[in-house]
Amino acid sequence: MSDVRGNGAGETERVGVIGLGIIGSVWAANYEADGLLAATWNRSAKPQVPRGVAGPAAVARESSVVHVVVSDPAAVDGVLAALEAELTASHLVIQSTTIDPKSSARFAARVEARGASYVEAPFMGSRPAAEQRKTVFLEGGAEGPVARADRVLAHLSGLRRAVGTHSQAAALKLAFNVHVAITMQGICEGLALARQAGLDDRPWHAPDHGGGFVLRDDLAAGLADALAAAPPIVA
């Protein structure tokens with residue numbers, strides 16, 4: 001069993017995961033491997049889910065920590081509506097869906113109105129990172145709940161950072177997303193321009209020991225496929 005301690009009573013946390021998509025399914029498997037997983041639920045039916053229960057309320061009843069990773073604020077809203085009546089002072093809700101700061105503040109207020117704790121914990125990293133327990137988490141909330149969440153998230157992550165309030169954690173994740181989006185836009189623009197000049201894709205993803213810009217092979221292939229199916233970005 002894990003040595004993760006809960007709300008100060010020296011009890012081992014029981015973690016419920018809501019959202020078994022590309023990332024949530026891996027997190028659930030990691031929690032299960034470490035002896036923490038109590039219950040899971042996914043909004044659409046999935047075969048062979050670990051410790052599956054009937055809905056969010058059942059997850060809350062079985063768990064001391066409810067870890068939510070769904071698609072958007074509307075989905076989080078629906079999950080909270082279904083489980084908040086089951087929340088008590090011993091519960092911690094860790095919310096890892098990418099959402100806006102206002103939604104984060106609103107969801108935190110709803111959870112805390114039930115006497116439970118809430119930590120906004122958006123993440124960076126893909127499925128391979130999750131499988132290697134290298135997901136990066138930003139943690140927003142009060143000091144005590146963040147420390148409690150950090151002990152749980154350590155089972156999924158090698159790097160976590162407390163960044164301030166719930167809303168600030170949500171905002172920082174969106175800021176990182178803007179950076180990534182702009183970078184990817186620039187890559188696509190440059191690749192399209194090079195293709196229009198008659199250049200092939202090799203300079204973008206072949207090793208370049210002269211210090212040139214290099215894309216990982218699988219990323220370059222994905223960009224090439226996307227661009228082949230779309231109109232040129234540069235007229």
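Throughout this document, residue positions are counted from 1 along each chain, in the order its sequence is written. Per-residue local features are limited, in this predicted model, to residues with pLDDT of at least 70; the limit for side-chain atom pairs, both in listing and counting, is 80 or more; totals at the level of whole chains, interfaces and linings are taken over all residues. The basis for the side-chain values is all heavy atoms of the structure; hydrogens and waters are excluded.

Participant: Please set out the overall build of the protein chain residue by residue, giving values where relevant.
Facilitator: The numbering of helices and of strands both runs from the N terminus, where a helix is a DSSP run of H or I of at least 4 residues and a strand a run of E of at least 2. Tallying secondary structure elements over the protein chain gives 9 helices and 8 strands in all. Each residue is placed in one exposure class: buried if its accessible area under a 1.4 Å probe, protein chains only, is under 20% of its type's maximum, exposed if it is over 50%, and partly exposed if it falls in between. Every one of the 235 residues in the protein chain was classed for burial, and the buried ones make up 41%. Restricting to contacts in the protein chain with at least 6 residues of sequence separation, those with at least 24 account for 63%. Here the open area of atoms and residues is found with the Shrake-Rupley method and a 1.4 Å probe, where only the protein chains shown may cover a residue. Total accessible area on the protein chain is roughly 11,500 Å²; 58% of this is exposed by carbon and sulfur atoms. Residue contacts follow a heavy-atom distance rule, with two residues in contact if any of their heavy atoms lie within 4.5 Å.

Participant: An account of the pattern of salt bridges is requested, with residue identities and associated values reported.
Facilitator: The salt bridge definition used is simple: a Lys or Arg side-chain nitrogen within 4 Å of an Asp or Glu carboxyl oxygen. Taken as a whole and assessed by the stated rule, the structure comprises 8 salt bridges. Between glutamate 13 and arginine 148 there is a salt bridge whose closest N-O contact spans 2.6 Å. Within this pair, whereas glutamate 13 is found in the segment before β1 (15-18), its partner arginine 148 is found in helix α6 (residues 143-153), the two being separated by 135 residues in sequence. The pair glutamate 13 / arginine 148 is uniform in exposure class, with both members buried. Where arginine 127 meets glutamate 131, a salt bridge forms, and the shortest distance between an N and an O atom there is 3.0 Å. Note that arginine 127 and glutamate 131 are positioned in helix α5 (residues 127-131) at a spacing of 4 residues, about one turn of the helix. Residue class for arginine 127 comes out partly exposed when judged on its relative accessible area of 36%. We classify glutamate 131 as partly exposed; its relative accessible area is 46%.

Participant: Go over the side chain of serine 63, please, and point to the residues and values.
Facilitator: Residue position: serine 63 is located in the loop between α2 (56-62) and β3 (65-68). Here serine 63 falls in the buried class, since its relative accessible area comes to 2%. Polar contact is defined as a pair of N or O atoms within 3.5 Å, subject to the rule that within protein one atom must be able to donate a hydrogen and the other to accept it, and that residues adjacent in sequence are counted only when both atoms are side-chain atoms. Only 2.8 Å separates the side chain of serine 63 from the backbone oxygen of valine 59, close enough to count as a polar contact.

Participant: Describe the pairing of strand β7 (residues 136-140), naming the residues involved and giving the relevant values.
Facilitator: Taken across its 5 residues, β7 has 4 buried, putting it largely inside the fold. Each pair of strands is called paired provided DSSP finds at least two bridges between the two strands. The pairing of strand β6 (residues 123-124) with β7 spans 2 bridges and is antiparallel. Bridged to methionine 124 within β7 is valine 136. Judged from the 5 bridges that link them, β7 and strand β8 (residues 159-164) form a sheet pairing that is parallel. Bridged to glutamate 139 within β8 is alanine 162. For crossovers, right-handed means that the path from the first strand over the helix to the second runs clockwise, given strands pointing away from the viewer. Note that the unit made of β7, α6 and β8 has a crossover that is right-handed.

Participant: Before we move on, can you summarise the nonpolar core with the specific residues and values?
Facilitator: Taken as a class, soluble globular proteins show a tendency for nonpolar side chains to be buried jointly. Put simply, a nonpolar core is a bunch of buried Ala, Val, Leu, Ile, Met, Phe, Trp, Tyr and Cys residues held in one set by side-chain atoms that sit within 4.5 Å of each other. One finds Val15, Val17, Trp27, Tyr31, Ile94, Phe137 and Leu153 to be the most contacted residues of the largest nonpolar core, which totals 24 residues. Of all the secondary structure elements, the ones that give two or more residues to this core are β1, α1 (24-33), β4 (92-95) and α6. Setting aside its immediate chain neighbours within four residues, phenylalanine 137 contacts Trp27, His67, Ser96, Ala121, Pro122, Phe123, Leu153, Leu156, Ser157, Leu159, Arg160 and Arg161. Core analysis: the next-biggest nonpolar cluster, separate from the first, contains 21 residues, Ile18, Ala60, Leu87 and Val93 among them.

Participant: Give a description of helix α3 (residues 73-83) that names residues and reports values.
Facilitator: Residues of α3 that are buried: Ala75, Val76, Val79, Leu80 and Leu83. The buried residues of α3 occupy an angular sector of 135° when the element is viewed end-on, so they sit on one face. Among the structural elements, β1, β2 (37-41), α2, β3, β4 and α4 (101-113) are those in contact with the buried residues of α3. For this quantity, the arc is that covered by the directions from the helix axis to the C-beta atoms.

Participant: Before we move on, can you summarise unusual backbone geometry with the specific residues and values?
Facilitator: One non-glycine residue, glutamine 48, lies in positive phi territory at about 55°. Along the chain, the position of glutamine 48 falls in the loop between β2 and α2. The backbone of arginine 133 shows a phi angle near 60°, a positive value even though the residue is not glycine. In this structure arginine 133 comes out as partly exposed when scored by relative accessible area, which is 28%.

Participant: Got a sec to walk through the packing of α3 against α4? Specific residues and values, please.
Facilitator: How two helices pack is summed up by the angle between their axes together with the distance between the axes. Axes here refer to lines fitted to C-alpha atoms; in helices the fit is confined to the stretch in contact. Angles between the N-to-C directions go from 0 to 180 degrees. Between α3 and α4, the shortest axis-to-axis distance is 11 Å and the interhelical angle comes to 5°. One way to sum up the angle between α3 and α4 is to call them roughly parallel. Taken together, the residues of α4 that come into contact with α3 (itself represented by Pro73, Val76, Asp77, Leu80 and Ala81) are Ser103, Phe107, Arg110 and Val111. Here the contact of α3 with α4 is composed, by residue class, of 6 nonpolar, 1 polar and 2 charged. Here is the rule for angles: anything less than 35 degrees is roughly parallel, anything more than 145 is roughly antiparallel, 65 through 115 is roughly perpendicular, and the remaining ranges are oblique. Three classes are used, and their members are as follows: Ala, Val, Leu, Ile, Met, Phe, Trp, Tyr, Cys and Pro are nonpolar, Asp, Glu, Lys and Arg are charged, and the others, Gly among them, are polar.

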